[in-house]
Amino acid sequence: MDVVLVQWPAEAERLAALRADEVPRLLLVDNGASPPEPEDCLEDWVRVPASEAEVHSRLAGLSS
């Protein structure tokens, strides 16, 4: 299953829908914003700007 990238906090409503549908998601947290508490193992976050390597690593973790 594909992992969906979510801008946080701008896409808070979208995040709620993805959580309800149990879709794997990686939150791209704006600098200065507090990340939300993950509700399950299908969610991770990274503060942006983030290195491409870190984003790929977190995507891989959610894909497995």
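These numbers were taken from a predicted model, which means no experiment stands behind them.

A. Inspection of unusual backbone geometry at higher detail. In this structure, P9 follows W8 across a cis peptide bond, with omega equal to 10°. Along the polypeptide, P9 turns up in the loop between β1 (4–8) and α1 (12–20). Cis geometry is found at the peptide bond from V48 to P49, where omega equals 5°. Relative to the elements of secondary structure, P49 occurs in the loop between β3 (43–47) and α2 (52–63).

B. Inspection of the pairing of strand β2 (residues 25–29) at higher detail. With 5 of 5 residues buried, β2 is to be regarded as a mostly interior element. With 5 bridges connecting them, β1 and β2 associate as parallel partners. Within the sheet, the bridge partner assigned to Q7 lies in β2 and is L28. When β2 meets β3, the two strands line up parallel, connected through 5 bridges. Each bridged residue has a counterpart across the sheet, and for V29 the counterpart in β3 is R47.

C. Local environment of α1. Burial in α1 covers these residues: L15, L18 and R19. Buried residues of α1, seen end-on, are gathered within an arc of 100° and therefore sit on one face of the element. Set apart from the buried face of α1 by more than 90 degrees, the exposed residues are E13 and A20. Buried residues belonging to α1 abut β1, β2 and β3. One or two residues past the end of α1 sits E22, with phi positive at roughly 55°.

D. Representation of the side chain of R19. Position of R19 among the secondary structure elements: in helix α1. The exposure class of R19 is buried, given its relative accessible area of 16%. A distance of 3.1 Å separates the side chain of R19 from the side chain of E39, its partner in a polar contact. Sequence-distant contacts of R19, that is, excluding residues within four places in its chain, are made with R25, P36, E37, P38, E39 and E43.

E. Layout of the nonpolar core. Counting residues in each nonpolar core, the largest one holds 9 residues, listed as V4, V6, W8, L15, L18, V23, L27, V29 and A33. At the level of elements, β1, α1 and β2 are the ones that each hand at least two residues to this core. The greatest single-element share of this core, amounting to 3 residues, is contributed by β1. V3, L28, L59 and L62 belong to the second largest nonpolar core, which has 7 residues in total.

Thresholds, definitions, all that
Numbers given for residues are sequential positions, taken from 1 along each chain in its written order. Totals for whole chains, interfaces and linings use all residues, but because this is a predicted model, local features are given only for residues with pLDDT of at least 70 and pairs of side-chain atoms are given and counted only at 80 or more. With hydrogens and water set aside, each side-chain value is computed from the structure's full complement of heavy atoms. The secondary structure listing takes helices from DSSP runs of H or I that are at least 4 residues long and strands from runs of E that are at least 2 residues long, numbered from the N terminus. A simple rule labels every residue: compare its accessible area, found with a 1.4 Å probe on the protein chains alone, to the largest value its type can have, and call it buried under 20%, exposed over 50%, or partly exposed in between. Between any two strands, pairing holds if DSSP finds at least two bridges. By construction, the arc corresponds to the directions joining the helix axis to the C-beta atoms. Any two residues having at least one pair of non-hydrogen atoms within 4.5 Å are treated as being in contact. Polar contacts, as counted here, are pairs of nitrogen or oxygen atoms within 3.5 Å of one another; within protein the pair requires one atom able to donate a hydrogen and one able to accept it, and residues that are adjacent in sequence qualify only if both atoms are side-chain atoms. Within this scheme, the nonpolar core is defined by two criteria: the residues are buried Ala, Val, Leu, Ile, Met, Phe, Trp, Tyr or Cys, and they are joined through side-chain atoms within 4.5 Å.

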